[in-house]
Amino acid sequence: SVTVHGVVTAINYGNNSIYISDPCGGEWHGICVDNFEGNPQIGDIVQLTGIVSEYYGFTKIINLTNSEIIGSQSPILPTVVTTSEIASNESLEGVFCRIENVHVTQSENNYNEWYCSDNTSQCQIDDGIYQYPGNINIGDNFSSIMGVVDYAYGEYSLNPRSIDDFNT
């Protein structure tokens, strides 16, 4: 059981889940929280008590016994990383990240997942929070994509939060 506080970096992930971060952001400084009560917004400061758990390899805080919004501030800045780092680093799980100068390497599959690369390696872009509204084609370019990192089915993925997380 842990009691933590942090800044909300993403909302509407699955079952009322949110992501929170230490104000400084960075590796090992973000986590997903299941079933947060209330109506937090990105940038809110929350405090909660729950159990740290691994759900099929994805670290989360579950079974909340206390959750409250205790303040608000400006959202934190994303941690700038490479696509290779997203694809391979557990230290980025739960972290609000930004990848830059990427091109699409695989178009959408049946689960609305697609892949892009900054020429280091490719990483998956997922729709756990928001699905990109347009067609994704191999070779499409983005100057940056932001989102929070999750882990599912053996793969780390970047989950953008809205259309504002995509810059062409």
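Note that the structure is predicted; figures quoted are calculated from it, not measured. Per chain, the residues get numbers from 1 upward, laid out in the order the sequence is written. Only residues with pLDDT of at least 70 are given local features in this predicted model, and only at 80 or more are side-chain atom pairs given and counted; all residues enter the totals for whole chains, interfaces and linings. Processing note: side-chain calculations cover all non-hydrogen atoms of the structure and skip hydrogens and water entirely.

Enquirer: Where do I start with the sheet that holds strand 4 (residues 44–55) in this structure?
Expert: The strands making up a sheet associate through hydrogen bonds between their backbones, and the pairing can be parallel or antiparallel. Reading around the barrel, the five strands line up as 1-2-3-5-4 and close back on themselves, with mixed pairing between neighbours. Going across the sheet, the axis of each strand differs from the next one's by a mean of 50 degrees, ignoring polarity. DSSP bridges decide pairing: two strands pair if at least two such bridges lie between them. Secondary structure counts use DSSP, requiring at least four H or I residues in a row for a helix and at least two E residues in a row for a strand, with both numbered from the N terminus. Two strands pair when backbone bridges link them, and strand 3 (residues 30–33) and strand 5 (residues 58–72) are joined in this way by two bridges, in the parallel orientation. Considered in strand 5, the bridge of Val-33 is made with Ile-61. Lines fitted to C-alpha atoms define the axes here, with helix axes fitted over just the stretch in contact, and angles between the N-to-C directions of these axes take values from 0 to 180 degrees.

Enquirer: Could you clarify how one ought to interpret the environment of Thr-59 in this entry?
Expert: Within the secondary structure, Thr-59 sits in strand 5. Three labels apply to residues, based on accessible area from a 1.4 Å probe with only protein chains included: buried if under 20% of the type maximum, exposed if over 50%, partly exposed otherwise in between. Residue Thr-59 is classed as buried on the basis of its relative accessible area of 17%. Any two residues whose heavy atoms approach within 4.5 Å are treated as being in contact. Sequence-distant contacts of Thr-59, defined by excluding residues within four places in its chain, comprise Ile-31, Cys-32, Val-52, Ser-53, Glu-54, Glu-90 and Glu-93. At 2.3 Å, the side chain of Thr-59 and the side chain of Glu-54 are in polar contact. Distance and chemistry together define a polar contact, namely a pair of N or O atoms within 3.5 Å, with one atom able to donate a hydrogen and the other to accept it when in protein, and with adjacent residues in sequence counting only for side-chain atoms on both sides.

Enquirer: Is there a simple way to explain the pattern of salt bridges in this structure?
Expert: Proximity of charged atoms lets side chains of opposite charge pair with each other. Within this document, salt bridges are pairs made up of a side-chain nitrogen of Lys or Arg and a carboxyl oxygen of Asp or Glu, the two lying within 4 Å of each other. In the structure shown here, the tally under the stated rule is three salt bridges. Note that Asp-34 is salt-bridged to Lys-60, the shortest N-O span being 3.3 Å. Of this pair, Asp-34 sits in the loop between strand 3 and strand 4 while Lys-60 sits in strand 5; the two residues are 26 residues apart in sequence, bridging distant segments of the chain. An identical accessibility class is assigned to Asp-34 and Lys-60; each is buried.

Enquirer: What is the right way to look at the packing of aromatic side chains in this model?
Expert: Given two aromatic rings, one states the distance between the centres and the angle between the planes to describe the pair. Any Phe, Tyr or Trp ring, taking Trp's six-membered ring, that has another such ring centre within 6.5 Å forms a pair; planes under 30 degrees apart are called stacked, those over 60 apart edge-to-face, and the others tilted. One pass over the structure, following the stated rule, counts eleven aromatic pairs. Ring geometry for Tyr-132 and Phe-142: centres 5.7 Å apart, planes at 85 degrees, overall edge-to-face. Note that Tyr-132 is positioned in the loop between strand 9 (122–125) and strand 10 (141–152) and Phe-142 in strand 10, a separation of ten residues in sequence. Under the relative-accessibility criterion, Phe-142 is labelled buried at 4%. A ring is considered to have a charge above it if a Lys NZ or an Arg CZ atom is located within 6 Å of its centre and within 35 degrees of its normal. A cation sits over an aromatic face here: Lys-60 above Tyr-55, 5.1 Å from the ring centre.

Enquirer: Looking at this structure, how should I read the state of the cysteines?
Expert: Such a bond, covalent and formed between the sulfur atoms of two cysteines, is termed a disulfide. Two cysteine sulfurs form a disulfide in these notes if their separation is within 2.5 Å. A full pass over the atoms with the stated rule returns zero disulfides. Cys-24 takes part in no disulfide bond, and the closest cysteine sulfur to it belongs to Cys-97, at a distance of 13 Å. Left without a disulfide partner, Cys-116 is nearest to the cysteine sulfur of Cys-123, which lies 4.3 Å away.

Enquirer: I'm lost on the side chain of Asp-44 in this one. Help?
Expert: Residue placement: Asp-44 occurs in strand 4. The positive count covers Lys and Arg only, the negative count covers Asp and Glu only, and His and the chain ends enter neither. The buried charged residue Asp-44 lacks any salt bridge partner; its closest oppositely charged side chain belongs to Arg-161, at an N-O distance of 12 Å. Within the structure, Asp-44 has its side chain in polar contact with the backbone nitrogen of Gln-41 (distance 2.8 Å). Beyond its immediate sequence surroundings of up to four residues, Asp-44 is in contact with Gly-6, Val-7, Val-8, Asn-39, Ile-69, Gly-71 and Ser-72.

Enquirer: Where do I start with the pairing of strand 2 (residues 17–21) in this structure?
Expert: Looking down a regular strand, the side chains alternate between one sheet face and the other. The buried count for strand 2 comes to five of five residues, which makes it a mostly enclosed element. Alternating residues of strand 2 divide into Ser-17, Tyr-19 and Ser-21 and Ile-18 and Ile-20, and every residue in both groups is buried. Sheet analysis places strand 1 (residues 2–13) next to strand 2, joined by four bridges and oriented antiparallel. Paired with Ala-10 across the two strands is Tyr-19, which belongs to strand 2. Between strand 1 and strand 2, which pair antiparallel and follow one another directly, the connecting turn spans three residues, one of which, Gly-14, has a positive phi of 65 degrees. The pairing of strand 2 with strand 3 spans four bridges and is classified as antiparallel. The residue bridging Ile-20 from the neighbouring strand is Ile-31, located in strand 3.

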